[in-house]
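If you want the building blocks of each chain, they are given just below.
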Amino acid sequence: MTASDQTKAANQMWGGRFAEGPDAIMQAINASIGFDKRLYAQDIAGSRAHAAMLAATGILSDSDAQAIGEGLLTVLSEIESGAFAFKVELEDIHLNVESRLTEIVGEAGKRLHTARSRNDQVAVDFRLWVRDQCDAVIEALAGLMRAFVAQADQGADWVMPGFTHLQTAQPVTWGHHMMAYVEMFARDRSRFQDARKRMNECPLGAAALAGTGFPIDRHMTAQALGFDRPTANSLDSVSDRDFALEFLSAASICAMHLSRFAEELVIWSSAQFRFVRLSDRWTTGSSIMPQKKNPDAAELLRAKLGRILGATVALFTVMKGLALTYSKDMQEDKEQVFDAADNLMLGLAAMTGMVGDMAANRDTLKAAAASGFSTATDLADWLVRSLNLPFREAHHVTGTLVALAESKGCDLPELPLEAMQAVHPGITGEVFSVLGVENSVRSRMSYGGTAPDQVRAQIARWKEQLK
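Caption draft 1: Quick look at the packing of aromatic side chains. Taken as a whole and assessed by the stated rule, the structure comprises 16 aromatic pairs. The interplanar angle of 55 degrees and the centroid separation of 4.7 Å between the aromatic rings of Phe84 and Phe86 together place this pair among those described as tilted. With 6.3 Å between their ring centres and 55 degrees between their planes, Phe163 and Phe273 make a pair best called tilted. With a gap of 110 residues between them, Phe163 in strand β1 (residues 159-164) and Phe273 in the loop between α11 (242-268) and β5 (276-277) connect regions that are remote in the sequence. On the basis of relative accessibility, which here comes to 24%, the residue Phe273 falls in the partly exposed class.

Pasting the structure below:
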């Protein structure tokens, strides 16, 4: 196609006012078809709903509406088969679809754009796409949560160290630790569900910004596209990208949770910890060190957060300075969301695979749980319960015993009773019943605690919810 032909192709869609076509550089910066062609299914669905409504309200003849509907299905088939030729000179997915439709059905295709604008068209296309992504993420999160529940079920009573400041704090159970991530990802799932509810209003029919004088039925198109209702203000309808920002915000929090567990996997699979073994499916070797088994999938997941958070900041930056209503700046909304959605879905799939495959080293976990004076808090609690000491005094006595054990190179359960009584004469042999890690975790029976019975109750609750 010559430059003159390209000019004519572009001008026939919107260029009646213009004597010349755009400069080549202007065309390159203006065109979005390179990325917004991903919206083809949503664009065609919106156009079919719009055509059906135009016919139902008498704006379009039934024969034209039928031709348009069938022609759009032909376009859809061509795109899905790879036979469709996307044209940069037609700028975006909307003009590419409409141009091809007109080639197929003739004059009727030119009537499709009655009572709408590319402003409300892109708003409904993009909203439909983000809604579909919310559905996909919600389903993927349920799968990841099931993988964590399965790990928890397997090791509901396996003891391991709980950490604060990455130092041994108190014994917990493997099941309890796994269920912590179930709660995190459940909140993520609820955020996407909430965002989906808010975005489920249809902007189609807002036209350029002020609505239209044609007697359209916006409730009909909203219902046809699965929305709860049409949007209530035409200005807001074409300028709103809150739905994309909410998706990105929820995606950033979810990616942060993925990154936190990825960090634990990197630490836990190291030779210094050996808490878990990652399968060969999610690790790689070294080109020079044959002994290495690197947790590359987990490391890459940590990095994915940067891309997703960057996309969130980028779109906030685009939107923050825009007066109502539509500005071309908003063309820069889609690539950020597309990239974030792709990377989030990839991350969820990879993490689900890693969690499903990983094997916890039960003996190593137990040995680590028993080290680092992890039952010191149990000792302080025993002093309060059994000797009626104020907690601050019990804390001081326990700290003195920890220092004593440290000086002797042993742990608390290995201190002789006589040595303990030298610090506080009221201590009896009963104290050793709380110094074992199994006894410690069994005692944490408060709701949400690490006691195996509490953990199993939470597992049962989530199994039911995730059916």
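Caption draft 2: Looking closely at empty space enclosed by the protein. Under the criterion given, the structure shown has one cavity of 30 Å³ or more. As a volume, the largest cavity reaches approximately 40 Å³. If you go around the largest cavity, the residues you meet are Ala255, Leu258, Leu301, Lys304, Leu305, Ile308, Asn343, Leu344 and Gly347. Elements that contribute at least two residues to the lining of the largest cavity include exactly α11, α12 (296-319) and α13 (334-357). Considering each element in turn, the lining of the largest cavity owes the most residues, four residues, to α12. Looking at the lining of the largest cavity residue by residue, the class counts come to six nonpolar, two polar and one charged.

Caption draft 3: Representation of the environment of Ser433. Structurally, Ser433 can be placed in the loop between α17 (417-423) and α18 (437-443). Remark: the alpha-carbon pair of Ser433 and Ser269, spanning 164 residues in sequence, is separated by 32 Å. Here Glu430 takes part through its backbone oxygen, which lies 2.7 Å from a polar atom of the side chain of Ser433.

Caption draft 4: Structural view of the nonpolar core. Ranked by size, the top nonpolar core spans 99 residues in total, and within it Trp174, Phe192, Phe261 and Met351 carry the most contacts. In terms of residue count, α11 provides more of this core than any other element does, 16 residues in total. If we skip the residues at most four places from it in the chain, Phe192 touches Cys134, Val137, Ile138, Leu141, Phe247, Ala250, Ala251, Cys254 and Leu344. Counting 20 residues, the second-largest nonpolar core is a separate cluster that includes Ala376, Leu383, Val397 and Ile427.

Caption draft 5: Representation of the pairing of β1 within the structure. In terms of strand pairing, β1 meets strand β2 (residues 167-173) through six bridges, oriented antiparallel. Directly across from Phe163, in β2, lies its bridge partner Thr168. Linkage of β1 to β2, two consecutive antiparallel strands, is achieved through a turn of two residues, within which His165 is found at a positive phi near 55 degrees.

Caption draft 6: Up close: the packing of helix α4 (residues 40-56) against helix α6 (residues 93-105). Running from amino to carboxyl end, α4 crosses α6 at an angle of 60 degrees, the nearest separation of the two axes being 10 Å. By the angle between their directions, the pair α4 and α6 is classed as oblique. Crossing geometry of α4 relative to α6 is assigned as right-handed. Contacts between α4 and α6 involve Tyr40, Asp43 and Ile44 from the former and Ile93, His94 and Val97 from the latter. Counted by class, the contact of α4 with α6 contains four nonpolar, one polar and one charged residues.

Caption draft 7: Quick peek at unusual backbone geometry. Thr325 follows Leu324 through a cis peptide bond whose omega is 10 degrees. Counting through the fold element by element, Thr325 comes out in the loop between α12 and α13. Positive phi, close to 60 degrees, is recorded for Ala207, a residue that is not glycine. Considering the arrangement of structural elements, one finds Ala207 in the loop between β3 (201-202) and α9 (218-224). Classification of Ala207 as buried rests on a relative accessible area of 8%. Unlike most non-glycine residues, Asn388 shows phi in positive territory, near 60 degrees.

Caption draft 8: Layout of the pattern of salt bridges. Applying the stated criterion to the full structure yields 26 salt bridges. Taking the shortest distance from any N to any O, the salt bridge between Arg241 and Asp333 comes out at 2.7 Å. Taken together, the residues span a long stretch of sequence, with Arg241 in the loop between α10 (234-239) and α11 and Asp333 in the loop between α12 and α13 at a distance of 92 residues. The shortest N-O distance in the salt bridge between Arg444 and Asp378 comes to 2.8 Å. Of the two residues, Arg444 sits in the loop between α18 and α19 (452-465) while Asp378 sits in helix α15 (residues 376-387), which places them 66 residues apart along the sequence. Classification of Asp378 by relative accessible area gives buried; the value is 5%. Among the charged side chains, a network of salt bridges with common partners joins Glu78, Lys87, Arg100 and Glu103.

Caption draft 9: Region of the structure containing the packing of helix α8 (residues 174-199) against α19. Across the interface, α8 lies against α19 with an axial gap of 10 Å and an inter-helix angle of 35 degrees. Crossing of α8 against α19: the hand is left-handed. Counted together, Gly175, His176, Met179, Val182, Glu183, Ala186 and Arg189 of α8 and Val455, Gln458, Ile459, Arg461 and Trp462 of α19 form the full contact between these two elements. Split by residue class, the contact of α8 with α19 holds six nonpolar, three polar and three charged.

Caption draft 10: Representation of the side chain of Gln458. In this structure, Gln458 sits in helix α19. By relative accessible area, Gln458 is classed as buried at 13%. In this structure the side chain of Gln458 is engaged in a polar contact, spanning 2.8 Å, whose partner is the side chain of Arg461. Every residue in contact with Gln458, bar those within four places of it in the chain, is listed here: Met179, Glu183 and Tyr447.

Basis of the calculations
Residues numbered from 1 in each chain as written. Predicted model: local features only at pLDDT ≥ 70, side-chain atom pairs only at ≥ 80, totals over all residues. Heavy atoms only, no water. Phe/Tyr/Trp six-rings, centres within 6.5 Å; stacked < 30°, edge-to-face > 60°. Helix = DSSP H or I, 4+ residues; strand = E, 2+ residues; numbered from the N terminus. Buried < 20%, exposed > 50% of the residue type's maximum accessible area, 1.4 Å probe, protein only. 1 Å grid on protein atoms, 1.4 Å probe; cavity = no way out; pocket = protein on both sides within 12 Å on 5 of 7 lines; lining within 4 Å. Points joined across faces, edges and corners; volume = space filled by probe spheres on them. Nonpolar A, V, L, I, M, F, W, Y, C, P; charged D, E, K, R; others polar. Polar contact = N/O pair within 3.5 Å; in protein donor to acceptor, adjacent residues only side chain to side chain. Core = buried A, V, L, I, M, F, W, Y, C linked by side-chain atoms within 4.5 Å. Contact = heavy atoms within 4.5 Å. Pairing = 2+ DSSP bridges. Axes fitted to C-alpha atoms, helices over the stretch in contact; angles between N-to-C directions. Parallel < 35°, antiparallel > 145°, perpendicular 65-115°, else oblique. Left-handed = near helix turned anticlockwise from the far one by under 90°. Salt bridge = Lys/Arg side-chain N within 4 Å of Asp/Glu carboxyl O.

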